[in-house]
Amino acid sequence: MATLTTDATRTGRAPRRRKVRSASRPNWLGGLAGWLWLGIVIIPIYWIVITSFKSQDTYFSGNPFAPPTSPTLENYRLVVQSDFPRYFLNSVIVTIGAIVPAVALSFMAAYAIVRSAGKWLTSGISALFLMGLAIPIQAVIIPVYLIIIKLGLYDSLMALILPSIAFAIPLSVLVLSNFIRDVPKELFESMRLDGANEWRTLWSLAFPLTRPALVTVAIYNGLAIWNGFLLPLILTQSPDKRTLPLALWTFQGQYSVNIPAVLASVVLTTLPILILYVIGRRQLLSGLTAGFSK
Amino acid sequence: MTALAPPVVRGPTTTAGGASVKRGAVTWMALPALAIYIVFAVVPLLGVLVLSFTTWDGIGSIQASGLTSWRRVLTDPGLPHALWVTFKIMAFTWLIQTPISLLIGVFLAGHQRYREFLAALFFIPLLLSSAAIAITYKALLDPNFGLGPGLHLAFLTQDWLGSAQLAFAVVMFVVSWQFIPFHSLIYQGAIRQIPKSIYEAAMLDGAGRIRQFFSITIPQIKYTIIVSSTLMIVGSLTFFDLIFVLTEGGPGDATRNLALDMYKTGFQANLMGPASAIAVILVLVGLFLALLLQRLGGSLSESQLEGA
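Residues numbered from 1 in each chain as written. Chains lettered and ligands numbered in written order. Predicted model: local features only at pLDDT ≥ 70, side-chain atom pairs only at ≥ 80, totals over all residues.

## Considering the environment of A:Thr95
Residues and elements named next belong to chain A. This is how the line gets drawn: The secondary structure listing takes helices from DSSP runs of H or I that are at least 4 residues long and strands from runs of E that are at least 2 residues long, numbered from the N terminus. To sort residues by burial, count the other C-beta atoms lying within 10 Å of each one's C-beta; a count of 20 or more means buried, 12 or fewer means exposed, and anything in between means partly exposed. C-beta atoms are built from the backbone. Contacts here follow a simple rule: the backbone-placed C-beta atoms of the two residues must lie within 7 Å.
Locating Thr95 in the fold gives a position in helix H5 (residues 84-115). C-beta crowding within 10 Å serves as the criterion here: with 24 such atoms nearby, Thr95 is assigned to the buried category. Once the C-alpha coordinates of Thr95 and Ala213 are considered, the two residues, 118 residues apart in sequence, prove to be 18 Å apart. In this structure, Thr95 is in contact with Gly222, Ile225 and Trp226, ignoring residues within four places of it in sequence.

## Describing the interface of chain B and chain A
For the record, the criterion: Each residue gets one label: Ala, Val, Leu, Ile, Met, Phe, Trp, Tyr, Cys and Pro are nonpolar, Asp, Glu, Lys and Arg are charged, and the others, such as Gly, are polar.
Between chain B and chain A, the contact holds 93 residues from the first and 100 residues from the second. By residue number, the principal contributor to the side of chain B that touches chain A is helix H1 (residues 31-51) of chain B, which donates 14 residues. When grouped by side-chain class, the residues that make up the side of chain B that touches chain A number 65 nonpolar, 22 polar and 6 charged.

## Here we look at helix H5 (residues 130-140) of chain B
Counting buried positions along H5(B) yields 11 of 11 residues, so the element is predominantly enclosed. Within H5(B), the full set of buried residues consists of B:Ser130, B:Ala131, B:Ala132, B:Ile133, B:Ala134, B:Ile135, B:Thr136, B:Tyr137, B:Lys138, B:Ala139 and B:Leu140. The elements touched by buried residues of H5(B) are helix H2 (28-52), helix H13 (244-254) and helix H14 (259-279) of chain A together with helix H6 (147-151), helix H7 (164-192) and helix H11 (241-246) of chain B.

## Brief notes about the domain arrangement of chain A
Residue and element names in this part refer to chain A. Where we set the bar: Note that the domain bounds were set by an automatic or database domain assignment.
The domains assigned to chain A are domain 1 (28-72) and domain 2 (82-289). When each unit is reduced to the centre of its C-alpha atoms, the spacing between domain 1 and domain 2 is 33 Å. Taken together, the 8 residues of domain 1 in the interface contact 7 residues of domain 2. Of all the secondary structure elements, the ones that give two or more residues to the side of domain 1 that touches domain 2 are H2 and helix H3 (56-61). Examining the composition of the side of domain 1 that touches domain 2, we find that 4 residues originate from one element, H2, more than from any other. Looking at the side of domain 1 that touches domain 2, its residues break down into 3 nonpolar, 4 polar and 1 charged.

## Description of the nonpolar core
This is how it is decided: Residues enter a nonpolar core if they are buried, belong to Ala, Val, Leu, Ile, Met, Phe, Trp, Tyr or Cys, and are joined to the set through C-beta atoms within 7 Å.
In this structure, A:Met108, A:Ala109, A:Tyr111, A:Ile169, B:Ile135 and B:Ala279 are the most contacted members of the largest nonpolar core, which totals 165 residues. With 17 residues, helix H8 (residues 157-181) of chain A is the single largest residue contributor to this core. Counting residues domain by domain, this core receives three or more from each of domain 1 (28-72) and domain 2 (82-289) of chain A.

As structure tokens, this is what we get:
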């Protein structure tokens, strides 16, 4: 996959340099912090995974860090039977349903802002989007709840999709317009001379050139929406509209004593993201920072 | 790799500047994004201010009630407490995460193979939802069924979420566990962009590692430190999911920050008016902090700050 592109080099995956560093003394403090942190990160994760394969009684009797002597899928069966496939599907629908329009609309808006730079109207629009970076979703959740009720969307997946799109737009427009600005003016000019209108220029020139940024923005927002908790908590009610984070919470409320089952639900809901991480680690990591270390 | 190469340019690349063919209008392309953004972000921002002057139980009709909600919120001792908790969380978030993230960032910036591998493991917490992380730690710290009783370790077998101090410490630990990888990742990227020649020159001058860190690394990534600090501080203002699932603001109201105070007032006590007033305060505090941090970073050029 030719995925290692602009944004990857931006986060510093620059060509490997000569081994200048290794000639210097080792960084003991950094090394210590690094290995210590590895333990802090890995130990809970290890515990989650092994415990999720233990039966409830062996969990209580044995050493919590020993791998299960007779691994069982019982916990996973309980999780799957508790309607998790449905919640998984809901999460997929909400994430895809929000991220595709969010990225497409942000891309168009970013293009418009860059292409008509200097006009007062687009400057105003651009400033309005920038302001959005400072609006926390928690602070406006009450009016969003009211609007969703008024639109008759309460307790539907659409109620989660629409605000998710809106709150993905400001950062996406900012990142994408920075990338579109990097496209050489001459290319736009030659498109124009070829008689292409703006709509065609958008898709056949700007789109391919900013694809890495589009992927970055899609990953960053996609992960935030996939893991989102507040919107489903407030805007849905019925069990069959739950997305995974909310389902995890209610499952834990129901089975709090059955720790292996609770941990199996955590593993199962994280698995899809973990698989994506293994496949496209660099893309995902550069997507996570969305150009913050640019 | 191919995406970076500019496509072959057909036709003349240089044109006479005078050829003023009218450009097609593009402003309309911003309108769909603008519409949905206005309906679900700008209108709610104004709406929350309007709602703070009303009385509403979340179901029935909304009645204008002047300053009732504000009077209620401003005289409630819960508000200074929630502000204090929010401030404590913010201060500790920054004080704990910045030095550790910097250290790990420096460590991960090295190009050794094993560090790449470590980095892959380090970033796993970034993928988990706050709900999943909170649930895991709730199970892990359970005084009856968690890790402590399993290992028969007395100091791990405490009622972690039952005492105010311990619960606060747990929240700070879990927040660090969740967010330090993100900030390390930002620092790693920034540190790798520092030209190696600066370090080489410093080494020739006999500067040690610590000297290099303070005289080269820190000044070179000053901008990134400000971005990371802004994200930490403004982000910590709105911690909700994690605290909600972990402690629900408890025990008592030991971990009830502004966001939780707003949620509980609005969606549990059904007082949407006062909850909106708290939300307005949340917005104001956030704006104040963002402007303050921008002022602190004022010496940096405008164009750099745009990236934040």
